[in-house]
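Coordinate inspection notes
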Amino acid sequence: MTESEAWTRKKRIDEKLKSLLLNWTVIHNVEVDDYTSLSSHAVEEYPTETGPADYALIVEGKLLGIIEAKKISVGAGNVLEQAKRYAKSVPNTVGEWREYKVPFLYSTNGELIFHIDVRKKLNCSHQLFDFHSPQALLDKYNRDTEKAERWFEKRKVSEIIRLRRYQTGAVEAIEKSICSSKKTMLLAMATGTGKTFTIVSSIYRLLKSGYAKRILFLVDRRALAAQTVSEISAFETPEGLKLDKDYEVYSQKFRRDDLEGEGNFDPKVLPEEYLTNPQEKHTFIYVSTIQRMSINLLGKEAVNDFEYDVDAKKLDIPIHTFDVIVADECHRGYSAKETGRWKYVLDYFDAVKIGLTATPATHTLAMFKNKVFSYSTEQAVLDGYLVDYDAVKIKSDIHINGAFLKEGELVGEIDMETGAEQLDELEDEREFSASEIEQKITSPDSINKIITAIKNYTDQHETEYRRFPKMLIFAVNDLPHVSHADQVVRTCKQIYGRGDDFVMKITGSPTVDRPLQKIRQFRNRPEPKIVVTVDMLTTGVDIPAIEMVVFMRMVKSRILWVQMLGRGTRLCPEINKEKFTIFDCFDGGLLSYFRNATDFNVDLQKETMPLSEIIERIYDNQDREYNTNRLIKRLRRIEKNMGAKARDAFSKYIPDGDMKNFADRLKENIQNDFTETMKLLRNKDFQDLLQNYPRPQKVFFKGYDIVDTVEHEVMFRVGKNYQKPEDYLKLFEDFVRQNPVHIEAIEILLSKPAGWNTDALDDLRDKLKKSDFPESDLQRGHELVYKKPLADIISMVKHAANYDVPIMTARERVSQVVDNLLRNRSFNAEQANWLSYIKDHLIKNLAISREDFEIMPVFERHGGLSKARQVFGDQFDNLIHEINQAIAA
């Protein structure tokens, strides 16, 4: 852009300051006689000892802020240094902080705004969506956060709230980060370890200390909002009051079925003025879906898939409305590209942002930057707060090697639109890869034999524990007419023969009547015992009694894998649950693939190692720490399954028969009193008791506090059919692998990068679009499946051909290329500047031509093609070719 700084100030910055939302009065310095008489004024050309500041922000006669302005084409980030100089060159009127006499500094080019509060040395600058209003600046100035930090230090978490040790650590990590001036932070806590209770404990301390007054708790489902309000309202403060009696707790409107199973509480709807006109006197917690907040900020056009939020509307909400924002389950898309709404909401507010997740991903870390606390599933199992699992691998030949049909074999041909089946003899042999099973072909015999194999283990479990285990089976799909989930349900009913209600399908398909009610039934009632799902029960559903999880579908996402495993890890004292079992129907391939991609320690063995052998390995110092952890896990299982008779029997060997205390101290005892500890562990009678201790009578669990979560999945159209993201990307993979010869650009990317140029890029985008693979849909699919926003088209093609190729954004790809150039070649300052212009162009275009230097503004305003040739001389043409080749490599 070519506009001047004066134009930027007049048309961009002044307009922002004078907006109804901020309501600053912009006035020039020459019009002011007495600065102390100004109430909410932005004074232009404010005099300082080192030159005039572009704007001085004066509230109630106090100089509280300085804005340094630059024209739109100038980066605004580093310009804060100039504002700092001015802040040191004015009279001391409101205070002094390490030479600074003005507390709040800003730099802007009219679009980007950077801000720093210089009162605290550890504070760092950060980007704002807008300027602060006069009232916001005054409130910031009067807020004593250092007093709150002293309160944190004086009132230790463990002294006033009863929490588990790791929960205490999480709350302390939040407070330490706040005292270190961090604005964003991430807490990673395993599913089932009490994330909500932990963060509510933190919220109480943030409010009690005075650090925060207005807290926003974001969730992405209405049912989760209802659940969260219920948990906040049930939280008992150290003063003996319910939290909603001590502080105001608000929410959005709920439907009746949102509140089923959430206890007796009366949700209060947040008054609109609390959002539009925040006051220091307001102290409250507001629980909202991020969809509703998106509508409040962007309007109804921002959200089109949450029809029950139609009562929401666009509001004028200032950036300082909240002091702290908690983003729950933030792995599920808080940086999603979909209309930019997730990232937009979090970026909009000037607040401390705390992300909560069990499965941190790259995009989550990019959003919240600082992972300040982590409590893994493995550690929770060792500590006795979650149960561990056994693994069973089932090998199906066609799921490993695919299917081969011979000429003359009988096949059923199904019409995908009507479901009509026509029997026919195959006229020619056909081969299907393993990845095409249940995508293009199904084998009823295979499903029958897999379920029959699983039945061996359920029979064994029923004999040992006197109960049939609640089982969750993940099927491949639930598509009309060719539903794998339906086939699995029918096969289970046939093989188990225990009636129609024994097995149930729960998916998001329109054919499933009232799926939320069925989830409650699965949790609360004896039947169904087996539930078949696809994606609906992968996350956010709390059914502690699940003891078997079956993977009949391939999983490629680490996040999805850990979430699916999390369905089985929860404790269930009502049935004395001591473990759960995973069935990997891909010959252990999933367990092997995710061995290092999850916070579980996977130990897949053909047979469980006897306790006596584990103990002997400890005694013989064979990998002592690992085997001690294994023994502790076994002891935790025993502890969860002990009754009075068992405690009496164990009291002969350990004090009061307290297995929990024995497990807690085992590491310490082995280290400090090895001889006596091993004498006990190697005692054959003690080992026999560990194996054959008396079990208590088994009971069924029945509860009513149901967590309702519905998972919706975006579908992509290919021809007349709609595909799930995973299936859509699978079709894209097939397309890429089958078309290198027919589409030159694909061949260039896969084997001839020297031919990459703007023509190849344009041709690739055009061919993909005509084949129902437009770049925007592919990016959306990669974001949903691989949690990688804004994947570039080169990465998507290369990854489709080879899973080992990493998925990159255009910015990552181009930065890597330009950085390599700068590292390996010598460029003068002017050439380096031009490389930065080229980099900006490539991030948007992924290829460059000589013509671009004539027509693209980023080059034209610096002299265009002739200037570029002058700067790079004879290197110019070779450089363009080299860059294009490196981009495609």
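**Some remarks on the overall build of the chain**
Per the secondary structure count, the chain includes 38 helices and 26 strands. Looking at the chain as a whole, 55% of its 889 residues are labelled buried. Across the chain, contacts joining residues at least 24 apart in sequence account for 68% of those joining residues at least 6 apart. A total of about 40,500 Å² of accessible surface is found on the chain, and carbon and sulfur atoms cover 46% of it.

**Examining the packing of helix α31 (residues 775–786) against helix α32 (residues 793–801)**
Closest axis-to-axis distance for the α31/α32 pair is 10 Å, and the angle between their directions is 65°. Both α31 and α32 take part in a crossing whose hand is left-handed. Contact residues: α31 offers E775, L778, Q779, H782 and Y786, while α32 offers I793, M796 and H799. In the contact of α31 with α32, the residues fall into 4 nonpolar, 3 polar and 1 charged.

**Considering the nonpolar core**
Of all hydrophobic cores here, the largest spans 53 residues; its most connected members are F732, W756, L764, I838, F853, F872 and I887. By size, the runner-up hydrophobic cluster in this structure holds 48 residues, among which are V171, A225, V352 and Y375.

**Topic: the pattern of salt bridges**
Evaluated as defined, the whole model comprises 44 salt bridges. The salt bridge partner of K70 is E68, with a shortest N-O separation of 3.6 Å. Judged by its relative accessible area of 2%, E68 falls in the buried class.

**Side note on the pairing of strand β15 (residues 388–393)**
Where a strand is regular, its side chains alternate between the two sheet faces. Counting buried residues in β15 gives 5 out of 6 residues, a clear majority hidden from the surface. Of the strand pairs in this sheet, β15 and strand β24 (residues 579–584) are connected by 6 bridges, and their pairing is parallel. Bridge pairing in β24 links K393 to D584.

**What about the side chain of T533?**
Along the chain, T533 falls in strand β22 (residues 530–533). Taking the relative accessible area as the measure of exposure, T533 reaches 0% and is therefore buried. A polar contact of 2.8 Å, which involves the side chain of T533, links it to the backbone oxygen of I506. Dropping the residues within four chain positions of it, T533 is found in contact with L472, I473, F474, A475, I506 and T507.

**Details of empty space enclosed by the protein**
Applying the stated criterion across every chain, the model contains 3 cavities of 30 Å³ or more. Around the largest cavity, the lining residues are H461, Y465, R467, E547, M548, N576, K577, E578, K579, F580 and T581. Every element with two or more residues in the lining of the largest cavity is listed here: α17 (444–465), β23 (546–551) and β24. It is β24 that contributes the most residues to the lining of the largest cavity, 3 residues altogether.

**Section: the pairing of β23**
Most of β23 sits inside the fold, with 6 of its 6 residues counted as buried. Strand direction decides the pairing type here: strand β20 (residues 470–474) and β23, joined by 5 bridges, are parallel. By the bridge assignment for β23, I473 is matched with V550. Pairing between β23 and β24: 4 bridges, direction parallel.

**Description of the environment of D762**
Topologically, D762 is positioned in helix α30 (residues 758–770). Expressed as a C-alpha distance, the spacing of D762 and A847, which sit 85 residues apart in the sequence, is 9.5 Å.

**Considering the packing of aromatic side chains**
Here the structure, examined in full by the defined rule, presents 35 aromatic pairs. A centroid spacing of 6.4 Å and a plane angle of 20° characterise the contact between W834 and F853, whose relative ring orientation is stacked. Placement of the pair is W834 in helix α34 (residues 829–845) and F853 in helix α35 (residues 852–855), with a sequence separation of 19 residues. The aromatic ring of Y55 is capped on one face by R9, whose charged end is 5.1 Å from the ring centroid. Over the ring of Y619 we find R682; its NZ or CZ atom is 3.8 Å from the centre of that ring.

Calculation rules
Residues numbered from 1 in each chain as written. Predicted model: local features only at pLDDT ≥ 70, side-chain atom pairs only at ≥ 80, totals over all residues. Heavy atoms only, no water. Helix = DSSP H or I, 4+ residues; strand = E, 2+ residues; numbered from the N terminus. Buried < 20%, exposed > 50% of the residue type's maximum accessible area, 1.4 Å probe, protein only. Contact = heavy atoms within 4.5 Å. Areas by Shrake-Rupley, 256 points an atom, 1.4 Å probe, with all protein chains shown as cover. Axes fitted to C-alpha atoms, helices over the stretch in contact; angles between N-to-C directions. Left-handed = near helix turned anticlockwise from the far one by under 90°. Nonpolar A, V, L, I, M, F, W, Y, C, P; charged D, E, K, R; others polar. Core = buried A, V, L, I, M, F, W, Y, C linked by side-chain atoms within 4.5 Å. Salt bridge = Lys/Arg side-chain N within 4 Å of Asp/Glu carboxyl O. Pairing = 2+ DSSP bridges. Polar contact = N/O pair within 3.5 Å; in protein donor to acceptor, adjacent residues only side chain to side chain. 1 Å grid on protein atoms, 1.4 Å probe; cavity = no way out; pocket = protein on both sides within 12 Å on 5 of 7 lines; lining within 4 Å. Points joined across faces, edges and corners; volume = space filled by probe spheres on them. Phe/Tyr/Trp six-rings, centres within 6.5 Å; stacked < 30°, edge-to-face > 60°. Lys NZ or Arg CZ within 6 Å of the ring centre and 35° of its normal.

Worth remembering: the numbers are spatial, not functional.
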